[in-house]
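# Examination of the molecular architecture
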Amino acid sequence: MGISESSIHNYLPKKNIFLFLIFILLSLTVASSIVLANENRVIVKASVLNVRMGPGLSYDVMTQVNEDQRLNVLDEENQWYKVRISDDEIGWVASWLVENDEISTENQRYGKVTGTEVNIRQYAGTDSQIMGTVYENTELSILYEEQDWYQILYMGKVAWISKQFVELIDAPASQASSAETSTQSVTIGEATTNIRTGPSTENEVITTASPGQQLIYLDTEKEWYKVQLEDGRTGYVADWVSSLTNVETVNVEETTEAISRAATNLSEATIMIDAGHGGKDPGAVSETGFYEKDVALSTAKLLQKRLQDAGANVMMTRSDDTFISLNDRVYLTSKASADAFISLHYDAMEIENSMSGTTTYYYADSELNLAETINRYLKDNGPLSNNGVRYGNYYVLRNNPTPSILLELGYLNNDLDISMVNTQSYQTTVVEAIYQGLREYYSSAQ
Ligand SMILES: [Zn+2]
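Nothing here was measured: the structure is a model prediction, and the numbers come from that model.

### So, the pattern of salt bridges
Under the criterion given, the structure shown has six salt bridges. Arginine 52 is paired through a salt bridge with glutamate 268; the nearest N and O atoms lie 2.9 Å apart. Linking arginine 52 in strand β2 (residues 48-52) with glutamate 268 in the loop between α3 (256-263) and β22 (270-275), this pair joins segments that are 216 residues apart in sequence. Given the relative accessible area of 1%, glutamate 268 is considered buried. In this structure, aspartate 274 and arginine 329 form a salt bridge, with 2.7 Å as the shortest nitrogen-oxygen distance. Linking aspartate 274 in strand β22 with arginine 329 in helix α5 (residues 326-335), this pair joins segments that are 55 residues apart in sequence. Accessibility assignment for this pair places aspartate 274 and arginine 329 in one class, buried.

### A short note on the packing of helix α4 (residues 292-309) against helix α9 (residues 424-444)
Any two packed helices are characterised by how steeply their axes cross, that is the angle between the axes, and by the distance between the axes. Running from N to C, α4 and α9 point in directions that differ by 50°, and their axes come no closer than 9 Å. Between α4 and α9, the angle falls in the class oblique. For the element pair α4 and α9, the recorded crossing hand is right-handed. Residues Val295, Ser298, Thr299, Leu302, Leu303, Arg306 and Leu307 of α4 form the contact with α9, whose own contacting residues are Gln424, Gln427, Thr428, Val430, Val431, Glu432, Ile434, Tyr435 and Leu438. Looking at the contact of α4 with α9, its residues break down into nine nonpolar, five polar and two charged.

### Notes on the sheet that holds strand β23 (residues 313-316)
With mixed pairing, the six strands of this open sheet are ordered in space as β23-β22-β24-β27-β25-β26. Bordering the open sheet on either side are β23 and β26 (386-391), each of which pairs with just one other strand. Between one strand and the next, the sheet's axes are offset by a mean angle of 20°, whatever the strand orientation. Relative to strand β27 (residues 404-411), strand β24 (residues 340-347) runs parallel, the two being bridged by six bridges. Each bridged residue has a counterpart across the sheet, and for phenylalanine 341 the counterpart in β27 is serine 404. Its contacts with the sheet place α5 against β22 and β24, and it is angled at close to 170° to β22. Of the strands in this sheet, β24, β25 (358-362), β26 and β27 are in contact with helix α6 (residues 368-381), which crosses β26 at around 170°.

Thresholds applied
Residues numbered from 1 in each chain as written. Predicted model: local features only at pLDDT ≥ 70, side-chain atom pairs only at ≥ 80, totals over all residues. Heavy atoms only, no water. Salt bridge = Lys/Arg side-chain N within 4 Å of Asp/Glu carboxyl O. Helix = DSSP H or I, 4+ residues; strand = E, 2+ residues; numbered from the N terminus. Buried < 20%, exposed > 50% of the residue type's maximum accessible area, 1.4 Å probe, protein only. Axes fitted to C-alpha atoms, helices over the stretch in contact; angles between N-to-C directions. Parallel < 35°, antiparallel > 145°, perpendicular 65-115°, else oblique. Left-handed = near helix turned anticlockwise from the far one by under 90°. Contact = heavy atoms within 4.5 Å. Nonpolar A, V, L, I, M, F, W, Y, C, P; charged D, E, K, R; others polar. Pairing = 2+ DSSP bridges.

This is how it looks when you write it as structure tokens:
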């Protein structure tokens, strides 16, 4: 493959890859038999998952586990699982970042790719999305068979390949070639990065990749990695903004810095979203006839979806037009052991058009950082003007043991605000700002 050692930073020696592939294959076989015997086993869904000293984001990280690792569950508390990491290590992981192990096979089977370039798809069908390409002689672990398709493990994910391009083999033979094409990936560093048509900044940009994104590694040319994109195209990314890792063998000690960034994040957090008012309490009412309670709820639902897409554990004080007392909102939050409480409101002033825009309220000094981080995104990206971060003596903040903020996202008796706040585009924009703020808050915490 023309790999020059000097141009690679995190390259694992071939021998390690060889040994590790054997380990992967063995663990797949072993796991399949354990799955049937042990129901309390879960599989890690996040690319890297923190194992903490206790059941919550506030506990220290003791170690980390990688995607597809299987863990024995001993106990459950606050939606966190107590798991056995090794014989003498017990810690806690967020239950929503693992799943019950459903991948099981009676007998592990292997195949070898016979086509020159064969598409790997998300589902068994040619109309399904292409997840990548494999090349002739690549060896695959076959998980399942359905009509003309094999289900395989590809880049740590379940995927499908057409049977007509695969020949069944007894056991994998040339681990190295298989390892090079299917188990190494390039992980994008801290910033959004250009993917180019060739190995130089003079080549055209085809697309960008986000921080932490993993791309399939194909080759190294000069100081550039040739990678395969999710849509099957190939491109080049500079090695100084990315790192080459073996997908299954990220060494925790060697890459602690990178892993910490990936793992101390929003996805471990439990967020309670509080749509203000509801039921008999409409909140502010606009002249044009819509209620604060409805705008707050639709914004809350968009935020719920956005945070869930980011992997967070999201709860709502209400998800329909129901009256919930302020006390119940606080009670629900503390019962859920939430990591943050975000209350969404739209405002009104006694005098029409006297105020416009968004405001972020906090009560305790310890909440100022959360308030300021989210408000910065609202100010920079929000379509309306921003009134800054303010102290607010609100019941749901004052009586809440959880870090809490209250957002006023526009005035229902301001002509400009009314024209915007009840639109999906406005709400999507502020939701994105809240999400970005939370993401930054959790990635910079600790
Ligand atoms: Zn309100």
